[in-house]
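An overview of the molecular structure
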Amino acid sequence: QIVPLWIAPNVLTFSGFVMILVNYFLISFYDWDYTASGTSPGLVPAWVWLFSAFTTFCAYALDSIDGKHARRTHSSTPLGELFDHGLDSWATSIFVLSFFSVCSRDNGKTGVSVYTMYIYLSIVLFNFMCSHWEKYNTGVLFLPWGYDISQVVLIAAYLLTGAVGVEVWQKPFLFGYYITDALVILLIGFSLFLSFPQTLYNIHRAHLKKTLKNDSLYEGLLPLVSPLLLFILLTVWVVLSPGNILAKQPRLFLWMVGVAFSNVICKVIVCQMSSTRPELFHWFLCPLALVVSAAVSGLLGWTEEAVLAALAVLVTAAHVHYGVCVGRQLSEHLNIYIFSLKKRVQE
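First, a word on scope: everything that follows refers to the structure included in this document. Note that this is a predicted model, so its numbers are computed, not measured.

Each value, and the rule that gives it
- Residues numbered from 1 in each chain as written.
- Predicted model: local features only at pLDDT ≥ 70, side-chain atom pairs only at ≥ 80, totals over all residues.
- Heavy atoms only, no water.
- Phe/Tyr/Trp six-rings, centres within 6.5 Å; stacked < 30°, edge-to-face > 60°.
- Helix = DSSP H or I, 4+ residues; strand = E, 2+ residues; numbered from the N terminus.
- Buried < 20%, exposed > 50% of the residue type's maximum accessible area, 1.4 Å probe, protein only.
- Lys NZ or Arg CZ within 6 Å of the ring centre and 35° of its normal.
- Patch = residues over 30% accessible without salt bridge, like charges linked within 9 Å, V, L, I, M, F, W, Y side chains within 5 Å.
- Areas by Shrake-Rupley, 256 points an atom, 1.4 Å probe, with all protein chains shown as cover.
- Salt bridge = Lys/Arg side-chain N within 4 Å of Asp/Glu carboxyl O.
- Core = buried A, V, L, I, M, F, W, Y, C linked by side-chain atoms within 4.5 Å.
- Expected span 1.5 Å × (residues − 1).
- Bend = angle between axes of the 7 residues up to and from the residue.

1. Some words on the packing of aromatic side chains
Applying the stated criterion across every chain, the model contains 18 aromatic pairs. Ring plane angle 45° and centroid distance 6.2 Å describe the contact between Phe14 and Phe83, whose orientation is recorded as tilted. On the criterion of sequence distance, the pair formed by Phe14 in helix α1 (residues 9-30) and Phe83 in helix α3 (residues 78-103) is long-range, its members being 69 residues apart. Since its relative accessible area comes to 35%, Phe14 is described here as partly exposed. With centroids separated by 5.2 Å and ring planes inclined at 50°, the aromatic side chains of Phe126 and Phe196 adopt a geometry described as tilted. Here Phe196 lies in helix α6 (residues 179-208) and Phe126 lies in helix α4 (residues 114-138), a separation of 70 residues in the sequence. Residue classification places Phe126 among the partly exposed residues on the basis of a relative accessible area of 28%. Judged by relative accessible area, Phe196 falls into the partly exposed class, the value being 25%. An aromatic cluster of at least three residues, connected via ring pairs, comprises Phe17, Tyr24, Phe25, Trp90 and Trp255. Directly above the aromatic system of Tyr34 lies the positively charged group of Arg251, at a separation of 4.1 Å from the ring centroid.

2. Some remarks on a nonpolar patch on the surface
Together, Leu228, Phe231, Ile232, Val236, Val239 and Leu240 make up a nonpolar patch on the protein surface, roughly 510 Å² of accessible area in all. Position of Ile232 relative to the elements: it lies in helix α8 (residues 225-240). In this structure Ile232 comes out as partly exposed when scored by relative accessible area, which is 41%.

3. A word on the nonpolar core
Phe99, Leu234, Trp237, Phe253 and Met256 are the most contacted members of the largest nonpolar core, which has 76 residues in total. One finds Leu82, Met129, Ile265 and Val326 within the second-largest nonpolar core, a separate group that totals six residues.

4. Examining α6
For α6, with 30 residues, the first-to-last C-alpha span of 42 Å sits near the 44 Å given by 1.5 Å per residue. The largest bend in α6 comes to about 30°, at Ser191. Residues of α6 that are buried: Ile179, Thr180, Leu183, Val184, Ser191, Ser195, Thr199, Asn202, Ile203 and Ala206. Just downstream of α6 lies Lys210, where phi reads positive at about 60°.

5. Remarks on the pattern of salt bridges
Opposite charge on two side chains makes pairing possible when the charged atoms of those side chains draw close. Scanning the entire structure with this criterion turns up three salt bridges. Of the charged contacts, one joins Lys135 and Glu81 as a salt bridge, the two residues approaching to 2.6 Å between their closest N and O atoms. With a gap of 54 residues between them, Lys135 in helix α4 and Glu81 in helix α3 connect regions that are remote in the sequence. The partner of Glu279 in a salt bridge is Lys267, and the shortest N-O contact between them spans 3.6 Å. Of the two residues, Glu279 is situated in the loop between α10 (250-274) and α11 (285-296) and Lys267 in helix α10; the sequence distance between them amounts to twelve residues. Assessed through its relative accessible area of 38%, Glu279 is described here as partly exposed. We classify Lys267 as buried; its relative accessible area is 18%.

Laid out in structure tokens, this is it:
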């Protein structure tokens, strides 16, 4: 009720995403290699963690009310839906990458390994993908409680770290287990034993009711092909990299993973909204396959980190370009502005 009626819903959505980005880059400035909370505690000022709690809360609140504000202003459109879910697909990975700075990477005593970080991020992205894969097949977007719980846990973790310090994560919490161990159990539990089974159940129920949007098994599984191949290629690079690329550049590699998955999922969202068939192979797979092949074969040598940086820039630029182009095309087609409630003047 406090949001002025002249503000476009997409402004709320984008403002929340910008806050997430600002928070991520701020943490990255103080903790590029995920060691500030482990081997070098105290490098991240307490106010940064409190700012993280504030930005996470604001982003969560804005993401929760943008749809309500759209209905309140009678401005609900496919552009708004795509804008919301598209930015969510990117923000999902950024939330996780920011939180890794609280846990810190493994220093032999506490923290989590960079390989565990990669697995955590993959599980979270898999959950997000399943929600939209479910809607692709059923036409209904079922949002599990895992998202709300994760946001509350993130805010609480940042507040705790800002108030007490990162040392709280380096002491046994209960029965010799650390708080990070409990969070891991929650993540895996909600993902593999609640969210994913719920997705399969909803699709099965739609099949029994004969309300599935796709009749054949091939059409139903088609959106999963590119994400699965993307995950396989990335995992091969992580496991077989001669230069141990994930250990050397964890933040850069995980950023690239999040952006690549976001673009793949965005295209699934577009197909789900427009009732069209998704492409079998995403174009990201071609340059990625070439880079992975060159890396694991040793052809890249000492240039592996530089090639990773170039690939991360390419993927990020391509994703931003894709988002801008789709947004402009939809705004022109629907005769609306992205960040204004005024109608476009038709030529």
